[in-house]
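Now for the letters of each chain:
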Amino acid sequence: SAVISQKPSRDICQRGTSLTIQCQVDSQVTMMFWYRQQPGQSLTLIATANQGSEATYESGFVIDKFPISRPNLTFSTLTVSNMSPEDSSIYLCSVKQGANNEQFFGPGTRLTVL
Amino acid sequence: LAKTTQPISMDSYEGQEVNITCSHNNIATNDYITWYQQFPSQGPRFIIQGYKTKVTNEVASLFIPADRKSSTLSLPRVSLSDTAVYYCLVGVSRGSTLGRLYFGRGTQLTVWP
């Protein structure tokens, strides 16, 4: 299975600032995704990170708020811009990998915005 | 996308069998039914997937009736470590290069000693 690491594992930020979350995979993957999980809630898909092109955002999420980079097949970043307390969530990176295109999830980044 | 409905929470005791039922009345012909498990402070992990009838692996069984409008995840002889949130998802096969996973509310299973 894919080994996915995320940095930072957690952070506490002030409103109005931005935080960039990194996702590193131990092997090349075609599809990478970013999810958000607000406290006590289920996971919500933010966007699909496409290598070599702009990310594809789900309804309710926009590039200005959540810019995503995907410079290669093993790495992606998600930036949470101009943060507010409502952005306090766990942000998870996810990939599809292997012959069966199984989907794996990273450990998540716990973000608290004060 | 087919919407899923599951109980918000369930309680069980160690050694018992747990059955979690998920409703998906508008499931499409090409949709598969997939269950994920999530422990606190971890990302979800795949448990089992099926299309119809019964699927069994080393972790669980999945029962799907002929009309496919519901499914039941069965966990045999649960232990304390099975305490987690269980998500039922309906969509493309996990093996598909297409498709994204959309999560519903999930069921919080608590196993007591």
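To be clear, the structure that these remarks concern was listed above.
A short tour of the structure in this document, coming up. Since the structure is predicted, the reported quantities are computational estimates derived from the model, not experimental observations. For every chain, the first residue of its written sequence is number 1, and the numbers climb from 1 along that sequence. Both sets of labels track the order of writing: A upward for chains, 1 upward for ligands. Only residues with pLDDT of at least 70 get local features here, since the model is predicted, and only at 80 or more are side-chain atom pairs given and counted; chain-wide, interface and lining totals rely on the full set of residues. Side-chain metrics in this entry use all non-hydrogen atoms of the structure; hydrogen atoms and water are not considered.

### Quick word on the sheet that holds strand S9 (residues 107-112) of chain B
All names here are of chain B. As a reminder, the rule being used: In this description, strands pair whenever DSSP reports at least two bridges between them. Every helix listed is a DSSP run of H or I at least four residues long, and every strand listed is a run of E at least two residues long, numbered separately from the N terminus. Angles here are taken between N-to-C directions and fall from 0 to 180 degrees, while the axes themselves are lines fitted to C-alpha atoms, restricted in helices to the stretch in contact.
In spatial order, the strands read S1-S9-S8-S3-S4; together these five strands make up an open sheet with mixed pairing. Each of the sheet's edge strands pairs with one partner strand only, and the pair in question is strand S1 (9-13) and strand S4 (45-50). Across the sheet, the mean angle from the axis of one strand to that of its neighbour is 25°, orientation sign disregarded. The sheet contact formed by strand S8 (residues 84-91) and S9 spans three bridges and is antiparallel. Across the sheet, the residue bridging to Ala84 is Leu109, located in S9.

### Focus on the state of the cysteines
Applicable threshold: In plain terms, two cysteine sulfur atoms within 2.5 Å form what is called a disulfide here. Buried means the residue's accessible area, taken with a 1.4 Å probe over protein chains only, is under 20% of the maximum for its type, while exposed means over 50%, and partly exposed covers the values in between.
In the structure shown here, the tally under the stated rule is two disulfides over all chains. The side chain of Cys23 of chain A participates in a disulfide bridge whose partner is Cys93 of chain A; the two sulfur atoms lie 1.9 Å from each other. Between Cys23 of chain A and Cys93 of chain A the disulfide shows an S-S torsion of about -65°. By sign, it is left-handed. Within this pair, whereas Cys23 of chain A is found in strand S3 (residues 19-25), its partner Cys93 of chain A is found in strand S9 (residues 89-97), the two being separated by 70 residues in sequence. We classify Cys23 of chain A as buried; its relative accessible area is 0%. Linked covalently through their sulfurs, Cys22 of chain B and Cys88 of chain B form a disulfide whose S-S length is 2.2 Å. The disulfide joining Cys22 of chain B to Cys88 of chain B has a torsion of about -80° about its S-S bond and is therefore left-handed. Taken together, the residues Cys22 of chain B in strand S2 (residues 18-23) and Cys88 of chain B in strand S8 connect sequence positions 66 residues apart. Note on accessibility: Cys22 of chain B and Cys88 of chain B belong to one class, buried. Here Cys13 of chain A is not disulfide-linked; the sulfur of Cys23 of chain A is the nearest cysteine sulfur, at 18 Å. Look at Cys13 of chain A and you get buried, because its relative accessible area is 8%.

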